[in-house]
Amino acid sequence: MAIPSLQDGIDKAGSPIGLLWQPNAEPWTPEVVEREYVGWRQEQAAWHEGVALLNLSHHMYDLWIEGPDATRVLVEYGANNFEKFAIGQAKQYVPVTRDGKIVTDGILARRGENKYLLSGVPAAQHWVQYHAEKGGYDVAFETDTSSAFRPGGGDPKLFRYQIQGPLALELIEKVFGGPLPETKFFHSTPVTLDGRNFEALRHGMAGQAGYEFIGPWEHAAYVHEAFLKAGEPLGLVQVGALAYTTPSVESGWIPSPVPGIYIDPELAEYRAWLPLFGIEGKRPLNGSYFSEDIADYYVSPYELGYGKLIHFGHDFHGRDALLRAKDEPRRTKVTLVFDADDVRRVVGGGEDPGFVLTYARHRVETSAGLVGTTMQTASIDPVGTVLAQTLIDSAHAEPGTEVTVVWGEHPGPGTDPEADLGFPRIRATVQVSPFDRHARTEYRRNA
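In every chain, residue numbers begin from 1 and rise along the written sequence. Only residues with pLDDT of at least 70 are given local features in this predicted model, and only at 80 or more are side-chain atom pairs given and counted; all residues enter the totals for whole chains, interfaces and linings. Side-chain metrics rest on all non-hydrogen atoms present in the structure, leaving aside hydrogens and water.

**Observations concerning the overall build of the protein**
Then step 1. Secondary structure follows DSSP: runs of H or I at least 4 residues long count as helices, runs of E at least 2 residues long count as strands, and numbering of each begins at the N terminus. Scanning the protein from terminus to terminus reveals 14 helices and 18 strands.
Then step 2. We compute the radius of gyration from the C-alpha atoms alone; for a globule the expected value is 2.2 Å times N to the 0.38, where N is the number of residues. In summary, the protein has a C-alpha radius of gyration of 22 Å against a globular reference of 22 Å for 447 residues, a match within 12%.
Then step 3. With the C-alpha coordinates of the protein rotated into their principal frame, the extents come out at 65 × 55 × 45 Å.
Then step 4. When accessible area is computed with a 1.4 Å probe and restricted to protein chains, residues below 20% of their type maximum are described as buried, those above 50% as exposed, and intermediate ones as partly exposed. Among the 447 residues that make up the protein, the fraction classed as buried is 58%.
Then step 5. Long-range pairs, those at least 24 residues apart, make up 72% of the contacts in the protein between residues at least 6 apart in sequence. Between two residues, a contact is recorded if the distance between any of their heavy atoms is within 4.5 Å.

In structure tokens form, the structure reads like this:
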């Protein structure tokens, strides 16, 4: 029996929205790691005030890309600057459709002259592999899915541990017997621990000082234990699946943009190539903002804050569309700070609404009507309330602007998108993104 494709799923559901709209969808959290180790509040506090260990080993999808045409295919389907891309460096890879809409970003590490590792949500990986195969590029691929989807179970090929927080560098010195070599942001340096070789990438999801350590899975347990043992006197805290999802809300990274691939007739073959049970067919949409047109959920890399990553010095798929969009009006990425009293009133829980996490697209309104949509919303305990990464009309993006978030779940097809469903409102104030000062001012210094 043939494996159903994304296009099969769209056809059966009647539309992309019919396939993806799932009111009250459970939010994604990383697989395998514990939901909480010492409590999500303490775990969030650790990367702000002390030192935290975040385990990325199980939920990342890895695609190794190697061959004479590896660089060429990545250049021709990515908007990034490859003229300045050193071996050992990583970039936030930005592939776009011919209409200039993001496919979904990924972390691209250059491992050799024509050897790369593309990691993250597997939409960018699918995009590159499909176009390489269709275009006859001389390149080979090796994949390692996340632990939730790895055939037959088993271990990842790589471990990934992030050490983050004000005490991160002190912990790293304790583990390695001294400071690591000076390393630029998003560059890696080789490290050795008791004869075990791996690498340290100057990077972290929390937007704080620290490194991401990456190496063969055979060394995972040893390296993990070494950090735990050395970190105990410093109060090292392991970060569980709940808290792990929240740094992006402070550091300004939007983790779940809708790939711009669902309706373009020229991508029909691509949709038939994609499996239905992949990220493109199973990442749900929900919230109070509803549209029958999936294109209303597409975003440009400019809206996500990736404008400075776009390099027009080479030809690439979607270049003309991005050039046209460069100076067009667009939404701005901001942080909404929810009114704490309204959160308690609307979300519930009395004085403590507990842990809040959603990737729902909630309507953001002013007296002028709809002005934006939330992209990810989460409890941030050091702030004492809920924050939301949001795309908002530029006219309402000034910090201090007061807006209202419509908190509810539109039932989807069959109900008027503009129907007044009596959803409660939460007052919110626009602030900058990234919200975290360190992520905003220090994180990418010495890039």
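**Focus: the packing of aromatic side chains**
Then step 1. Classification of ring pairs rests on two measures: the distance between centres of Phe, Tyr or Trp rings, Trp counted by its six-membered ring, which must be within 6.5 Å, and the angle between planes, read as stacked under 30 degrees, edge-to-face over 60 and tilted in between. Enumeration over the complete set of coordinates arrives at 23 aromatic pairs.
Then step 2. Measuring from centroid to centroid gives 5.2 Å for Phe 159 and Tyr 161, while their planes differ by 20°, and the two rings are stacked. Across the pair, exposure class does not vary: Phe 159 and Tyr 161 are buried alike.
Then step 3. An aromatic cluster is built from Phe 159, Tyr 161, Phe 176, Phe 198, Tyr 211, Phe 213 and Phe 227, whose rings are joined through pairwise contacts.
Then step 4. We call a charge positioned over a ring when the NZ of a Lys or the CZ of an Arg lies within 6 Å of the ring centre and within 35 degrees of the ring normal. Between Arg 196 and the ring centre of Tyr 222, over which it is positioned, the NZ or CZ distance is 3.6 Å.

**Considerations on the pairing of strand β3 (residues 90-93)**
Then step 1. Neither face of β3 is exposed, since Ala 90 and Gln 92 on one face and Lys 91 and Tyr 93 on the opposite face are all buried.
Then step 2. At least two bridges found by DSSP between two strands is the condition for calling them paired. Taken together, the four bridges between β3 and strand β4 (residues 106-112) define a ladder with antiparallel strand orientation. Residue Ala 90 lies in a different strand from β4, and its bridge partner there is Ala 109.

**Digging into the sheet that holds strand β5 (residues 115-120)**
Then step 1. The strand order across the open sheet formed by five strands is β3-β4-β5-β2-β6, and the pairing between neighbours is antiparallel. Whereas interior strands pair on both sides, the edge strands pair on one side only; in this sheet they are β3 and β6 (140-144). Adjacent strand axes in the sheet meet at a mean angle of 25° when their direction is disregarded.
Then step 2. Of the strand pairs in this sheet, strand β2 (residues 61-66) and β5 are connected by six bridges, and their pairing is antiparallel. When the sheet's bridge partners are listed, Trp 64 is paired in β5 with Leu 117. In this analysis, axes come from line fits to C-alpha atoms, helices being fitted only over the stretch in contact, and the angle between any two N-to-C directions falls in the range 0 to 180 degrees.

**Details of the environment of Phe 185**
Then step 1. Relative to the helices and strands, Phe 185 is located in the loop between α6 (168-176) and β8 (188-193).
Then step 2. Along the primary structure Phe 185 and Gln 89 are separated by 96 residues, whereas in three dimensions their C-alpha atoms are 8.8 Å apart.

**Focus: helix α1 (residues 6-13)**
Then step 1. For α1, the full list of buried residues reads Leu 6, Gln 7, Gly 9 and Ile 10. Along the axis of α1, the buried positions cluster into a sector of 160°, meaning they face one direction only. Counted as exposed and oriented over 90 degrees from the buried face of α1: Asp 11 and Lys 12.
Then step 2. In this structure, the buried side of α1 is in contact with α2 (16-20), α10 (268-273) and α11 (279-282).
Then step 3. At the N-terminal end of α1, a side-chain oxygen is found 3.3 Å from the backbone nitrogen of Gln 7, two or three residues along, and the residue is Ser 5.
Then step 4. Following α1 by one or two positions, Gly 14 has its phi on the positive side, about 95°. When we speak of the arc, we mean the arc of directions from the helix axis to the C-beta atoms. Pairs of N or O atoms are called polar contacts if they sit within 3.5 Å, as long as, within protein, a hydrogen donor faces a hydrogen acceptor (for residues adjacent in sequence, only side-chain-to-side-chain pairs).

**Structural notes on the nonpolar core**
Then step 1. Here the nonpolar core consists of buried residues drawn from Ala, Val, Leu, Ile, Met, Phe, Trp, Tyr and Cys, with membership extended through side-chain atoms lying within 4.5 Å. In this structure, Ile 65, Leu 74, Tyr 262, Ile 294 and Tyr 297 are the most contacted members of the largest nonpolar core, which totals 42 residues.
Then step 2. Of all the secondary structure elements, the ones that give two or more residues to this core are α1, α2, β2, α4 (70-76), β5 and α5 (123-135).
Then step 3. It is α5 that provides the largest number of residues to this core, a total of six residues.

**Focus: the pattern of salt bridges**
Then step 1. Salt bridges, as used here, are contacts in which a Lys or Arg side-chain nitrogen is within 4 Å of a carboxyl oxygen on Asp or Glu. Per the stated rule, a full pass over the model turns up 20 salt bridges.
Then step 2. Here Arg 41 and Asp 352 are joined by a salt bridge, their closest N and O atoms 2.8 Å apart. Separated by 311 residues along the polypeptide, Arg 41 in helix α3 (residues 40-49) and Asp 352 in the loop between α13 (340-347) and β13 (357-358) bring together distant segments of the chain.
Then step 3. For Arg 41, a relative accessible area of 29% gives the class partly exposed.
Then step 4. One salt-bridge network, held together by shared partners, links Asp 339, Asp 342, Arg 345 and Arg 427.

**A short note on the sheet that holds strand β11 (residues 237-239)**
Then step 1. Across the sheet, which stays open at both edges, the six strands sit in the order β8-β9-β10-β7-β1-β11 with mixed pairing between neighbours. Looking at which strands have only one partner, the edges of the open sheet turn out to be β8 and β11. When strand polarity is set aside, the average angle formed by the axes of neighbouring strands in this sheet is 30°.
Then step 2. For strand β9 (residues 196-201) and strand β10 (residues 210-216), the ladder comprises three bridges, and the chain directions are antiparallel.

**Thoughts on α6**
Then step 1. Within α6, the full set of buried residues consists of Ala 168, Leu 171, Ile 172, Val 175 and Phe 176. One side of α6 holds all its buried residues, which, seen down the axis, span an arc of 120°.
Then step 2. Its buried side turned inward, α6 meets β7 (158-164), β8, β9, β10 and α7 (220-231).
Then step 3. With its phi angle positive at about 80°, Gly 177 sits one or two positions after the end of α6.

**What to know about unusual backbone geometry**
Then step 1. Note that the residue after Ser 433, namely Pro 434, is joined by a cis bond; omega there is 0°.
Then step 2. Locating Pro 434 in the fold gives a position in the loop between β18 (425-431) and α14 (437-441).
Then step 3. In this structure, Val 32 takes a positive phi of about 75° despite not being glycine.
Then step 4. Take Val 32: it is sitting in the loop between α2 and α3.
Then step 5. For Phe 186, which is not glycine, the phi dihedral falls at a positive 65°.
Then step 6. Here Phe 186 lies in the loop between α6 and β8.
Then step 7. Residue classification places Phe 186 among the buried positions, given a relative accessible area of 9%.

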